[in-house]
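# Residue-level structure breakdown
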Amino acid sequence: MYASMPKVTTSNRLIDLRSDTVTRPTAGMREAMANAEVGDDVFGDDPTVSALEESVADLLGKEAGIFVSSGTQSNLTALLCHCGRGDEYIGGVNYHISSLEAGGAAVLGGISPRHLQLNEKGGLNAADVEGAIQADDPHYAVSKLVCVENTYSGMVMDQDEIQRTATVAHANNMKLHIDGARLMNAVVKSGTPAADLVECADSVSLCLSKGLGAPIGSVLCGPKDLIRQAHRVRKLLGGGMRQVGVLAACGLYALQHNIDRLAEDHANAWTMAQRLAEIPGLEIELDKVQTNMVWIDIAGEGKGSLSEHMLARGMITTEPFGAKRTTRLVAHLDFETADIDQVVDGFASWLGASK
Ligand SMILES: *Cc1c(COP(=O)(O)O)cnc(C)c1O
């Protein structure tokens, strides 16, 4: 999917539906950057970074947090803390950690991935996890960690199943990591506090650069001893950053201003999905449209390239990929309710449908 994404370098306003990572920092966020107090964070001197780490740890109900450059670095740091060479982690076959992080666990950590099929709701079945845990036998890698993702493809995970998965992991001397890149979307959708959603997890990664609208950064949270270890791992990965309070200030600003408004993104995605689902040739599973993403399978014949057609109309979309010719639309801070008409018109005209 990523290889087929059009590249955009213009600063003209285009409606960019590729991802919620495309938002640009707002005037308020830039002001927060300009005013941030900074220090050398490798020495632990940056007060803005420390404030961000404490805020996210509080939000997630964990003892400590560490600011890292990306969600990928956050997940990899967690993997390297929980597992060593010859260990394995259990995760979902389509998870970001499994398929979109360049195989970092194996390449850099000597950690074997063990990937399970996801259930209908996009989650791992606790029973499948239990069945996958390896016996203590010299033939096998050592099962050390279970990873779950919430939200997954915009879907909010079944909390009881996550709880059961944690129970299985802990009963087998394993840890649970939650890739909560978009956890706050799950929080806003479910109305459940973040700390409750991740209470059973031993580590949690939260992205600031997705729906929350910061230009960069994730925070990995967990117990103090794990985060202490994570400082060494982050350094090892080249992720020790210096006067980076200017970026942490964006994260703090995002926590204050951009959480509740995720409900607008969810409403926009839902309206878009409902209207697009009426166009012949587009197939949308509406029950999977739970937060800010709309997945569309294209059954009809469009006229030429979808992304070229949309770009000519001021919109950036991902070219359909895979056997079902799937494309994904993502609502975010820089997408407005008033843009929905243009999106619907774009798809309808591409398919030659009368609306
Ligand atoms: C985006 C994402 C990541 C990785 O974040 P980057 O900052 O792009 O490295 C990890 N997990 C999930 C679920 C994501 O959506």
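Report follows, based on the coordinates.

Cut-offs used in this document
- What you see as residue numbers is a count from 1 along each chain, following the sequence as written.
- Reporting in this predicted model follows two pLDDT cut-offs: at least 70 for local features of residues, and 80 or more for side-chain atom pairs to be given and counted; totals over whole chains, interfaces and linings ignore these cut-offs and use all residues.
- Note: side-chain values were computed over all heavy atoms of the structure, leaving out hydrogens and water.
- Relative accessibility thresholds used throughout: buried, under 20% of the residue-type maximum; exposed, over 50%; partly exposed, between the two (1.4 Å probe, protein chains only).
- To qualify as a helix, a DSSP run of H or I must reach at least 4 residues; to qualify as a strand, a run of E must reach at least 2; elements of each kind are numbered from the N terminus.
- We call two strands paired when DSSP finds no fewer than two bridges between them.
- For this purpose, a residue is taken to be near a molecule or strand whenever a single non-hydrogen atom of the residue falls within 4 Å of it.
- Polar contacts, as counted here, are pairs of nitrogen or oxygen atoms within 3.5 Å of one another; within protein the pair requires one atom able to donate a hydrogen and one able to accept it, and residues that are adjacent in sequence qualify only if both atoms are side-chain atoms.
- Only the protein chains shown count as cover for residues, and all accessible areas are computed by the Shrake-Rupley method using a 1.4 Å probe.
- Buriedness for pockets is judged along seven lines, at least five of which must meet protein on both sides within 12 Å for an open set on the 1 Å grid over protein atoms alone, while cavities are sets there where a 1.4 Å probe fits but cannot get out, and lining residues have an atom within 4 Å of a point.
- Grid points are joined across faces, edges and corners, and a volume is the space filled by probe spheres set on the points.
- Classes in brief: Ala, Val, Leu, Ile, Met, Phe, Trp, Tyr, Cys and Pro nonpolar; Asp, Glu, Lys and Arg charged; the others, Gly included, polar.
- As used in this record, nonpolar core signifies buried Ala, Val, Leu, Ile, Met, Phe, Trp, Tyr and Cys residues forming a set joined through side-chain atoms within 4.5 Å.
- Throughout, a residue-residue contact means that at least one pair of heavy atoms, one from each residue, lies within 4.5 Å.
- Under the counting rule used here, the positive set is Lys and Arg, the negative set is Asp and Glu, and His together with the chain ends is not counted.
- Any Lys or Arg side-chain nitrogen located within 4 Å of an Asp or Glu carboxyl oxygen qualifies as a salt bridge.
- An axis is simply a line fitted to the C-alpha atoms; with a helix, the fit covers only the stretch in contact. Between two such axes, the angle follows the N-to-C directions and lies from 0 to 180 degrees.
- Put simply, two rings from Phe, Tyr or Trp (the six-membered ring, in Trp's case) pair if the centres are within 6.5 Å, and we call them stacked under 30 degrees between planes, edge-to-face over 60, tilted for the rest.
- Each ring is checked for a lysine NZ or an arginine CZ that lies within 6 Å of its centre and within 35 degrees of its normal; such an atom marks a charge sitting over the ring.
- Every angle not falling under 35 degrees, over 145, or within 65 to 115 is termed oblique; those three ranges are roughly parallel, roughly antiparallel and roughly perpendicular.
- For any helix crossing, the convention is left-handed if the near helix is rotated counterclockwise from the far helix by under a right angle, and right-handed if that rotation is clockwise.

## A look at the pairing of strand E12 (residues 326–330)
- When you tally the buried positions in E12, you get five out of five residues, the bulk of the element.
- Taking every second residue as pointing to the same face, both faces of E12 are buried, with Thr326, Arg328 and Val330 on one and Thr327 and Leu329 on the other.
- Of the pairings in the sheet, the one linking strand E10 (residues 293–298) to E12 comprises five bridges and is antiparallel in character. What sits directly across from Val294, in E12, is Leu329.

## Examining the site of the ligand
- Ser70, Gly71, Thr72, Asn75, His96, Glu101, Glu149, Asp179, Ala181, Arg182, Cys207 and Lys210 make up every residue found near the ligand.
- Within the contact set of the ligand, an oxygen atom lies 2.6 Å away from a side-chain nitrogen or oxygen of Thr72.
- Between the ligand and Arg182, the relevant distance is 2.9 Å, taken from an oxygen atom to a side-chain nitrogen or oxygen of the residue.
- In isolation the ligand has 380 Å² of accessible area, and contact with the protein removes 83% of it.

## Re empty space enclosed by the protein
- Evaluation of the coordinates by the stated rule reveals one cavity of 30 Å³ or more.
- Approximately 30 Å³ is the volume found for the largest cavity.
- Taken together, Ala181, Arg182, Met184, Asn185, Cys207, Lys210, Gly211, Leu212 and Leu262 make up the lining of the largest cavity.
- By residue class, the composition of the lining of the largest cavity is five nonpolar, two polar and two charged.

## Describing the nonpolar core
- Leu52, Leu60, Phe67 and Leu176 are the most contacted members of the largest nonpolar core, which totals 75 residues.
- Here this core gets six residues from one element, more than from any other, and that element is helix H11 (residues 245–257).
- For Phe67, the contacting residues outside a window of four places in its chain are Val49, Leu52, Glu53, Leu208, Gly217, Ser218, Val219, Arg234, Met241, Val244, Leu247 and Ala248.
- With 26 residues, the next largest nonpolar core counts Ala269, Val289, Ile340 and Leu351 among its residues.

## What about the side chain of Lys210?
- For Lys210, the location among the structural elements is in the loop between strand E7 (203–207) and strand E8 (218–222).
- Buried charge Lys210 goes without a salt bridge, the closest partner of opposite sign being Asp20 at 5.6 Å.
- Residue contacts for Lys210: discarding those within four places in its chain leaves Asp20, Thr21, Thr23, Ala181 and Arg182.

## A few points about the sheet that holds E10
- Pairing in this open sheet of three strands is antiparallel, and the strands run E9-E10-E12 from one edge to the other. Every other strand in the sheet has two partners, leaving strand E9 (282–283) and E12 as the edge strands with one partner each.
- Of the strand pairs in this sheet, E9 and E10 are connected by two bridges, and their pairing is antiparallel. Within E10, the position partnered with Leu282 by the bridge is Ile298.
- Sheet strands in contact with helix H12 (residues 262–277) are E9, E10 and E12, and its direction is about 20° off that of E10.
- Along the sheet, helix H14 (residues 340–350) contacts E9, E10 and E12; its crossing angle with E12, the most-contacted strand, is approximately 165°.

## Brief notes about the packing of aromatic side chains
- Taken as a whole and assessed by the stated rule, the structure comprises one aromatic pair.
- Between Tyr95 and Tyr152, the aromatic rings sit 5.8 Å apart at their centres with planes inclined by 55°, giving tilted as the arrangement. Linking Tyr95 in the loop between strand E3 (87–92) and helix H4 (96–99) with Tyr152 in the loop between strand E5 (142–149) and helix H7 (159–171), this pair joins segments that are 57 residues apart in sequence.
- Residue classification places Tyr95 among the buried positions, given a relative accessible area of 2%.
- Seen from the ring of Phe43, Arg242 lies directly overhead, with NZ or CZ sitting 5.8 Å from the centre.

## Quick word on the packing of H12 against H14
- Their axes nearest at 10 Å, the elements H12 and H14 cross at an angle of 30°. With respect to their mutual orientation, H12 and H14 come out roughly parallel. Taken as a pair, H12 and H14 cross one another with a handedness that is right-handed. Across the interface between the two elements, Asn268, Thr271, Met272, Arg275 and Leu276 from H12 touch Ile340, Asp341, Val343, Val344 and Phe347 from H14.
- Looking at the contact of H12 with H14, its residues break down into six nonpolar, two polar and two charged.

## Here's the deal with the side chain of His82
- Among the structural elements, His82 can be located in helix H3 (residues 71–82).
- At 2.8 Å, the side chain of His82 forms a polar contact with the side chain of Ser203.

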